[in-house]
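Structural overview
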Amino acid sequence: MSVNVITNNEFKDMIRMGSHRLGQNAKFVNSLNVFPVPDGDTGTNMNLTFQSGYQSVNESTSTHVGELAQSLSKGLLMGARGNSGVITSQIFRGFGKNIESKETLTAQELAAALVAGVQTAYKAVMKPVEGTILTVARGASEAAANVAKSSDDITQVMLAAVNGARKALATTPDLLPVLKEVGVVDSGGQGLVFIYEGFFEALGGNLEASEYQPDETEMDEMLNAVHHQAVQNQFSNDDIQNGFCTEMMVTLGVNATSNDTFNYDDFRNYLDGIGDSLLVVADDEVVKVHVHTQHPQKVFTYGRRYGELAKIKIDNMRIQHETIVEDQPVKEQPQIDYGIIAVASGTGLEKLFQSLGVTTIISGGQTMNPSTKDIVTAIEQSNAKRVLILPNNGNIIMAAKQAGQVVDIPTAIIPSKSIAQGMTALLSFDMNADLEQNEANMTDALSTVKSGQITTAVRDTEIGNLKINKDDLIGLVDGDIVVSGQDLLQVSQEMVAKMVDEDSEIVTILIGADGSQEMAENISQNIVTAFPDLETEIHNGDQPIYPYLISVE
Amino acid sequence: MAVSIQTKYGNVDISNEVIATIVGCAATDIYGIVGMASKNQLRDGFNTILKRENFAKGVVVRQTESGTIVDVYIIVGYGVKISEVCRNVQSKVKYNLETLLGAPTAHVNVYVQGVKILEED
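Treat the numbers as computed from the prediction; the structure is a model and nothing was measured.

With that settled, consider the interface of chain A and chain B. How big an interface is tends to be reported as the loss of accessible area on association of its parts. Residue-level contacts link 28 residues of chain A with 27 residues of chain B. Overall, the association of chain A and chain B removes approximately 2,400 Å² of surface from exposure, summing both partners, and the carbon and sulfur fraction of that is 54%. Looking at the side of chain A facing chain B, the largest losses of area belong to Lys-123, Met-126 and Lys-127 of chain A, adding up to 26% of the total buried there. Inspection of the chain A/chain B interface yields 0 salt bridges. One can count 7 residue pairs in polar contact (both at pLDDT 80 or more) joining chain A with chain B. Only α4 (65–79), α5 (82–98) and α6 (107–123) of chain A provide two or more residues apiece to the side of chain A that touches chain B. Per-class residue counts for the side of chain A that touches chain B are 16 nonpolar, 7 polar and 5 charged.

What follows is the structure in C-alpha cells.
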C-alpha cells in the first residue's frame, strides 16, 4: 500500500502510533539509560514528553497538518522532561516550523521537515554530543531525504527514516564511550526509533517479523542486568547504603491519611532525603515512585498521607546481588549492649574472636586494610548501644579512629596492633564496665603481650646485624624483624627467647592457612623444652601470610 | 581551597577553579544550553558567552557543612523548556561533581542569564 499524501487523519495516526509504540517500550528505554546521567528515566521522560505532544494534537480540531504540527510542537514543549525530552521537543519544533503553512504533506515535504527538525535541534546546543538522539535523528532525516529524491511514496520515505534511525542507533556505542562500556545503545536514540517506527506503522507499513523486537521477558532481563550493573558499581566503591528498591503508586486523594495537598516538589524532596535513585512521576490522579532506600516503610507511610497505595513493591537489593558480589550478608541484629568489632581474616581467627565475645568481624589484615567506610558500616549495623573496636593492625588504627568520629554510636578504639594484642585485650573486657573504663583496661592489657610472627622473606635484605636471604624464614616481634634462619624450630625458639621475660606465662601459637598442626606441636614442644616455666596453647587461626603467629604473655 | 579530602596518605585539596571547570563542562553538555555566562555581567560585558577557560567566571562555589553548593550562570537557546533544561543541568552537574570529586553536592543553583535567539526564529 502506498501513501502519497499525509492529511490530518494520517498525521494524527502517526503521532498516536508513535506515542503508543514509545509508551510500550518505555521500560526498555529506561534500561538503556546511562547518559548523561544514569538514572534510568529516559524512557519515562520521553514517553511523558511525547504523550503531552500527542494529547495536544488529539485535542486539536484542526484539519490542517501544519496547524496540527504546531499543536504537537507546543505540547512537546510544555511537556518536555529530561534531556531527551527536551531534544525531542526541539526536533519536532523544527519539523513543525518547516511545515507550518502546509495543509497536507507530500513525501518530499515530510523528508524536508525531518531534515529541518534536525537542523533546529542541532542549533540549540553548544556542543552537540554525537552518539545521542541527535545522531539518530540525523541518520533518519538523511535517509528519508535520500529516498524522497526518487520516490513519492510516503511509506517508503518513512521506512527509510526508520532504517536510517536504526542504523545510526547502532553506531552510537562507537561514538559515545560510556555506551560501549556498558554495552548498550543510546537510550534517547532508541526512544526516537520507537517513535519513527510508530509513524511508519501508522502509514500502513508492516515492520518485518524477523527484525529484532525485545519482548516483555527480555526487557525485564535487560532491566535487571543494568540494575545489577548499577548496584555492583555501588558495591565496588561504596557499600549499598539504601538496600531496598521500593516502588509505589499512590492514587491521590483516595483515603488519604492527611489533609495536605500534594505538592510535587515537597514530595520529591522528602523522598530524596531518605533514599536515592529517585524517580517520581505524577499527574493529577496518581504518583508513581521508584526509590532506593533503607526505609521502605517511611516511603509508604508518606505516600499514604496523600492517597491510597495502588501498587507497592520492595526488593532487597542486597540479597538480590549477594550472589554476584561477595559481601558479608547484612542483617539487622537485635539491639545489644556492647558491640565488639574486630578486624581479622581467616576462618579460625574469626571463630576464635567470636568465642571471645566479638560481635562483628571485619575481614582484613596485613594486605587488605578495611576502609573507614567499612568500619563505619560495621558500627552502624552492629545495632549496639556502644562499640569497641579492635583494629589488630597498626595500619588500621587510623581508619578506625576516623570511623569512630563519624558515627553517632559511642565508640572506643583499642589500638591493638596484632591479633595477639586483640585477643589479650578481649580478656580484659568487662560487660558491666562503662565504655571509658573498658577502653582504659583493654588498652592497658595490650602491653602485657608480645606478638611474634613467623613468615618468609620475599627478598634479600639486611637489617641491623641480620642478613636475610629471599625465602628465609623470619621472625618478627611487635613488627620488627629479630631473627632469621632456615630452620623453623630454631627460628621460632630464638624468636620466643627475645619475647620472654620473668613475668611471661603463656605462649599461644596460632596456625595459619600455610601452617600445619604437626609443626605447631613441634614448635610448642621445642619451646617447652627450652623454657620449662612456660605453658603453650595451640589454636587454629587459618590466617593468611603468617603460617605461625606466636604470642607471649 | 574548596574541597579537602583526607586520606591515609595525606590530604587532597581541590580548588574552586577545578570545580568551576567541571561544573561548566557538565552544564554545557546539556542540550539547550548555548553557553555559560558571567556572574558579573556589568564588569564582563552583558551576556558574553564565556570560553571554556573562563568557566570559572560563570560558576560560584561555596562550601557548607552539608556539602558543596554551586551557582551556575547559563545562557539557553530560545525555544527550549527552560525549567526542564535547568533541571537537567542540576542533575548532570551534581552527578559529575559527585562521580569525579567524590564530594557531596548539596545544591546546584542555576541562574539563567540570557536567552539566545537562534537564527530563523
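Attention now goes to the nonpolar core. One finds Phe-92 and Tyr-196 of chain A to be the most contacted residues of the largest nonpolar core, which totals 100 residues. Membership of the second largest hydrophobic core comes to 23 residues, among which are Ala-344, Leu-388, Ile-414 and Leu-510 of chain A.

Turning our eyes to something else, we now look at the packing of aromatic side chains. Pairs of aromatic rings are described using the distance from one ring centre to the other and the angle between the two planes. All told, the structure shown has 14 aromatic pairs over all chains when counted by the stated rule. Look at Phe-50 of chain A and Phe-199 of chain A: their rings are 6.5 Å apart centre to centre, the planes differ by 45°, and that puts the pair in the tilted class. Linking Phe-50 of chain A in helix α3 (residues 42–59) with Phe-199 of chain A in helix α10 (residues 187–202), this pair joins segments that are 149 residues apart in sequence. Across the pair, Phe-199 of chain A and Phe-50 of chain A agree in class, each one buried. With 4.7 Å between their ring centres and 10° between their planes, Tyr-73 of chain B and Tyr-111 of chain B make a pair best called stacked. Here Tyr-73 of chain B is found in strand β5 (residues 67–77), whereas its partner Tyr-111 of chain B is found in strand β6 (residues 105–116), with 38 residues between them in sequence. Residue Tyr-111 of chain B is classed as partly exposed on the basis of its relative accessible area of 35%. Taken together, the ring pairs in this structure connect Phe-50, Phe-92, Phe-95, Tyr-196 and Phe-199 of chain A into an aromatic cluster. Taking NZ or CZ as reference, Arg-386 of chain A lies 4.4 Å from the ring centre of Tyr-338 of chain A, over its face.

Moving on to unusual backbone geometry. Peptide bonds are trans in most cases, and residues, glycine excluded, mostly fall at negative phi. Residues and elements named next belong to chain A. Backbone geometry at Asn-255 places phi at a positive 50°, although glycine is not the residue there. Checked against the element boundaries, Asn-255 lands in the loop between β1 (244–252) and α12 (264–274). The backbone phi angle of Asn-383 is positive, close to 50°, even though this residue is not glycine. Locating Asn-383 in the fold gives a position in the loop between α16 (372–381) and β7 (384–390).

Time to look at the packing of helix α1 (residues 8–24) of chain A against α10 of chain A. Residues and elements named next belong to chain A. Here α1 crosses α10 at 135°, and the two axes come no closer than 7 Å. Here α10 runs oblique to α1, going by the angle between their axes. For the pair α1 and α10, the crossing hand works out as right-handed. On α10, the residues touching Asp-13, Met-14, Ile-15, Met-17, Gly-18, Arg-21 and Leu-22 of α1 are Gly-191, Phe-194, Ile-195, Glu-197, Gly-198, Phe-199, Glu-201 and Ala-202. Within the contact of α1 with α10, the residues separate by chemical class into 8 nonpolar, 3 polar and 4 charged.

Residues and elements named next belong to chain A. Along the chain, Thr-88 falls in helix α5. Thr-88 gets classed as buried once you look at its relative accessible area, which sits at 2%. At 2.6 Å, the side chain of Thr-88 and the backbone oxygen of Ser-84 are in polar contact. When sequence neighbours within four positions are dropped, the list of residues in contact with Thr-88 reads Met-46, Phe-50, Leu-76, Ile-133 and Ile-195.

Moving on: a nonpolar patch on the surface. A grouping of Tyr-78, Ile-82, Val-112, Val-115 and Ile-117 of chain B is seen on the molecular surface, where their side chains present a nonpolar patch of about 410 Å² in accessible area. Looking at where Tyr-78 of chain B falls in the secondary structure, it is placed in the loop between β5 and α3 (82–101).

All names here are of chain A. A residue-level look at chain A finds 88% of positions with pLDDT of 70 or above and a mean pLDDT of 81. Here helix α11 (residues 216–237) stands out as the element of chain A with the lowest mean pLDDT, 44, in contrast to helix α7 (residues 133–148), whose mean of 94 is the highest. Taken together, the stretch residues 209–239 has pLDDT below 50 and engages in 48 contacts with residues farther than four places along the chain or on a different chain. A low-confidence stretch, residues 323–331 stays under pLDDT 50, and its non-local contacts, those more than four residues away or across chains, total 12 contacts.

Before going further, it helps to examine the environment of Leu-356 of chain A. Residues and elements named next belong to chain A. Note that Leu-356 resides in the loop between α15 (347–355) and β6 (360–363). Under the relative-accessibility criterion, Leu-356 is labelled partly exposed at 29%. Separated by 73 residues in sequence, Leu-356 and Phe-429 place their C-alpha atoms 9.6 Å apart.

Scoring rules and cut-offs
Residues numbered from 1 in each chain as written. Chains lettered and ligands numbered in written order. Predicted model: local features only at pLDDT ≥ 70, side-chain atom pairs only at ≥ 80, totals over all residues. Heavy atoms only, no water. Contact = heavy atoms within 4.5 Å. Buried area = accessible area lost by both parts, 1.4 Å probe. Salt bridge = Lys/Arg side-chain N within 4 Å of Asp/Glu carboxyl O. Polar contact = N/O pair within 3.5 Å; in protein donor to acceptor, adjacent residues only side chain to side chain. Helix = DSSP H or I, 4+ residues; strand = E, 2+ residues; numbered from the N terminus. Nonpolar A, V, L, I, M, F, W, Y, C, P; charged D, E, K, R; others polar. Core = buried A, V, L, I, M, F, W, Y, C linked by side-chain atoms within 4.5 Å. Buried < 20%, exposed > 50% of the residue type's maximum accessible area, 1.4 Å probe, protein only. Phe/Tyr/Trp six-rings, centres within 6.5 Å; stacked < 30°, edge-to-face > 60°. Lys NZ or Arg CZ within 6 Å of the ring centre and 35° of its normal. Axes fitted to C-alpha atoms, helices over the stretch in contact; angles between N-to-C directions. Parallel < 35°, antiparallel > 145°, perpendicular 65-115°, else oblique. Left-handed = near helix turned anticlockwise from the far one by under 90°. Patch = residues over 30% accessible without salt bridge, like charges linked within 9 Å, V, L, I, M, F, W, Y side chains within 5 Å. Areas by Shrake-Rupley, 256 points an atom, 1.4 Å probe, with all protein chains shown as cover. pLDDT = per-residue confidence, 0-100.

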